[in-house]
Amino acid sequence: MEQSFFNNTSEDYYQLLGIERDVDEDAIKKAYKRMALRYHPDKRGSQEPDAAETFQKIQNAYSVLSDPKKRKVYDEYGEGGVKMIDQLGDVPFEMLDKINLIFFALTIIVVLLIIFPAFVSGKADGLLNWPWLAVFVPIFIVDVFVISVLILQSNVKDTNDEHDDDEERASVTENMKKERKRQIRMISLGLVGYYVVFCVFQILIALRLEKTITTTWAVVFIPWFVMELAHFVAGTMEVVAKFKVGVFVVPDMMAGDEPMANITTRPLTTSEKYGAVISAYGFWTFRIVQAILLVLKADGTNIDWRVVFIPTYVYGVWVFVSNILKIGKLRKIDIPEKRAEKLAGIIRNFIVFIVVGVLFYVGLGLFISRLKNDEVVFDPPVSHTPTGFVIAIPLFIVLGVLFCCVCCCLPCLVFMTKSAYKAELAKNEVVIGDIPAERRIQYDLTETSASSSRTY
């Protein structure tokens, strides 16, 4: 195992124990016993005044190297990393170690999401003769991965081992941990059930497209409406909670108030109540209406495809107008810094909406054009009907950008974060051996002692 460049501590833990950096735990334990016996203060006594200090250093080195997590952090970040663990815990380092694995999994998921519309386009254009269940395989793989993660999350163990000398406070902390773990498990299991219903919906769509089942599309969409019912219940609970609790009033720190000292609540105003209801049920209403129109059209109702997708276009206009109105509300904020921060956030979200919205609605327009042309038999056939791959181009652009982010940009950001951690931890870790000889301050103790004797 190579020594990290940032392990420039004055005394290396491995050297203190007299071992190599790639030894196992048994070798570390044996080396500690050997060095502890050699430098124990009771054994050294007056023969070596520094024995107690050396023995303490040996104990400190063993406490780090015998802990796998601390040893891993020490090997990569040095003694400063170990001190950070003692002060803040090992969450930052665990996160940085695991996040690349998360990005790898996300990369695979995005690739599968790119493959799925490609398969659908090939099937719609007659380039693939596969059954629809085979076309849906990439999305089924994503479903299995998501459900597995949710199940694992429901069984996750709490790794925050907090020790408290106060028995009563420790008991309260333990109860809070159990309650938090129970809530996480319930939420995770609820999400598992929700996603299982979504998987059933996908399977029914594939079977209906393949005509393996001949039921109406209204029956196929039953799982979707079950999921929307769950959204309605969650939205209702959120609205009831807001109406009951009200708005938290945080003390003004700029005015000298004590932060977190006297946080109070006030009832919602009439406009805030309307806002809470719209936030909970607005998007939900558009989705319900859109699903109903799709079911009616798929089951043979004579409705133009442009009319079917009116809720989607109206929702886009609604979001656009909402962002404009948010900018107007900024005038009520008296603090310039807070107003500028809010404005920057609104502009950022607005730009993202414009870019993604343009791509989405262009793709939707091409999709509607394809559906309308498929309803009418032209003689001769029209040549301007967009192919499935052309319709999917906006989706491929969005997924391509997402792929670049999770495969390249974000991992590079994590790498720079780790480098910044190392640089920060290495600032104060300088050894005498790293200072050039010509820049060292040296004292001749013999000459100084002789001059002192002559003086007296």
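Predicted, not measured: the structure shown is a model, and the values here were computed from it.

## Some remarks on the overall build of the chain
Thought 1: A tally of regular secondary structure across the chain gives 19 helices and two strands.
Thought 2: Relative to its 456 residues, the chain shows a buried fraction of 29%.
Thought 3: When contacts within the chain are restricted to residue pairs at least 6 apart in sequence, those whose partners lie at least 24 apart make up 60%.

## Here's the deal with the pattern of salt bridges
Thought 1: This structure, assessed with the given rule, holds six salt bridges.
Thought 2: Of the charged contacts, one joins Glu-228 and Arg-287 as a salt bridge, the two residues approaching to 2.8 Å between their closest N and O atoms. Residue Glu-228 is found in helix H12 (residues 222-245), and its partner Arg-287 is found in helix H13 (residues 270-298); the two are separated by 59 residues along the sequence. Accessibility classification places Glu-228 together with Arg-287 in one group, the buried group.
Thought 3: The shortest N-O distance in the salt bridge between Asp-304 and Arg-306 comes to 3.1 Å.

## Quick word on the packing of aromatic side chains
Thought 1: The final tally for this structure, using the stated rule, is 21 aromatic pairs.
Thought 2: On the numbers, 6.4 Å between centres and 65 degrees between planes, the contact of Trp-132 with Phe-136 is edge-to-face. Side by side, Trp-132 and Phe-136 carry an identical accessibility label, which is buried.
Thought 3: Where Tyr-281 meets Trp-284, the ring centres are 6.5 Å apart and the plane angle is 70 degrees; that geometry is what we call edge-to-face.

## Overview of the packing of helix H2 (residues 25-39) against helix H4 (residues 51-65)
Thought 1: Where H2 meets H4, the closest approach of the two axes is 9 Å, and the angle between their N-to-C directions is 170 degrees. Classified by the interaxial angle, the pair formed by H2 and H4 is roughly antiparallel. Residue-level inspection shows Ile-28, Lys-29, Tyr-32, Met-35, Ala-36 and Tyr-39 of H2 in contact with H4, the latter providing Ala-51, Thr-54, Phe-55, Ile-58, Gln-59, Tyr-62 and Leu-65.
Thought 2: Split by residue class, the contact of H2 with H4 holds 10 nonpolar, two polar and one charged.

## Considerations on the nonpolar core
Thought 1: Judged by nonpolar contacts, the single largest core of 19 residues is most densely connected at Tyr-13, Leu-17, Ile-19, Ile-28, Ile-58, Leu-65 and Tyr-74.
Thought 2: For this core, the elements supplying multiple residues, two or more each, are helix H1 (13-17), H2 and H4.
Thought 3: No other element matches H2, which puts six residues into this core.
Thought 4: Phe-116, Phe-201, Ala-206 and Trp-217 belong to the second largest nonpolar core, which has 13 residues in total.

## Observations regarding unusual backbone geometry
Thought 1: Its identity is not glycine, yet Lys-211 carries a phi of approximately 65 degrees, on the positive side.
Thought 2: Topologically, Lys-211 is positioned in the loop between helix H10 (167-209) and helix H11 (217-220).

## Notes on the confidence of the model for the chain
Thought 1: Considering every residue of the chain, the mean pLDDT works out to 78; 74% of them sit at 70 or more.
Thought 2: Within the chain, no element has a lower average pLDDT than helix H19 (residues 445-455), which sits at 41, and none a higher one than H11, at 96.
Thought 3: Low confidence marks residues 159-165, where pLDDT is under 50. Its contacts with residues over four positions away, or in another chain, come to seven contacts.
Thought 4: The low-confidence segment residues 428-456 (pLDDT under 50) makes 15 contacts with residues lying over four places distant or belonging to another chain.

## A word on the environment of Pro-411
Thought 1: Note that Pro-411 resides in helix H18 (residues 393-426).
Thought 2: Residues Pro-411 and Ile-102 lie 309 residues apart in sequence; the distance between their C-alpha atoms is 9.9 Å.
Thought 3: Residue contacts for Pro-411: discarding those within four places in its chain leaves Asn-100, Phe-103, Cys-405 and Val-406.

## Here we look at the environment of Glu-11
Thought 1: Its place among the elements puts Glu-11 in the segment before H1.
Thought 2: Along the backbone, Glu-11 and Glu-79 are 68 residues apart, and their C-alpha atoms lie at a distance of 9.8 Å.
Thought 3: Apart from the residues within four sequence positions on either side, Glu-11 is in contact with Leu-16 and Lys-57.

## Let's talk about the side chain of Gln-290
Thought 1: Mapped onto the elements of the fold, Gln-290 is located in helix H13.
Thought 2: Residue Gln-290 is classed as buried on the basis of its relative accessible area, which comes to 10%.
Thought 3: Residue contacts for Gln-290: discarding those within four places in its chain leaves Val-308, Phe-309, Pro-311 and Thr-312.

## Points about the environment of Ile-222
Thought 1: Locating Ile-222 in the fold gives a position in helix H12.
Thought 2: Owing to a relative accessible area of 46%, Ile-222 belongs among the partly exposed residues under this scheme.

How each quantity is defined
Residues numbered from 1 in each chain as written. Predicted model: local features only at pLDDT ≥ 70, side-chain atom pairs only at ≥ 80, totals over all residues. Heavy atoms only, no water. Helix = DSSP H or I, 4+ residues; strand = E, 2+ residues; numbered from the N terminus. Buried < 20%, exposed > 50% of the residue type's maximum accessible area, 1.4 Å probe, protein only. Contact = heavy atoms within 4.5 Å. Salt bridge = Lys/Arg side-chain N within 4 Å of Asp/Glu carboxyl O. Phe/Tyr/Trp six-rings, centres within 6.5 Å; stacked < 30°, edge-to-face > 60°. Axes fitted to C-alpha atoms, helices over the stretch in contact; angles between N-to-C directions. Parallel < 35°, antiparallel > 145°, perpendicular 65-115°, else oblique. Nonpolar A, V, L, I, M, F, W, Y, C, P; charged D, E, K, R; others polar. Core = buried A, V, L, I, M, F, W, Y, C linked by side-chain atoms within 4.5 Å. pLDDT = per-residue confidence, 0-100.

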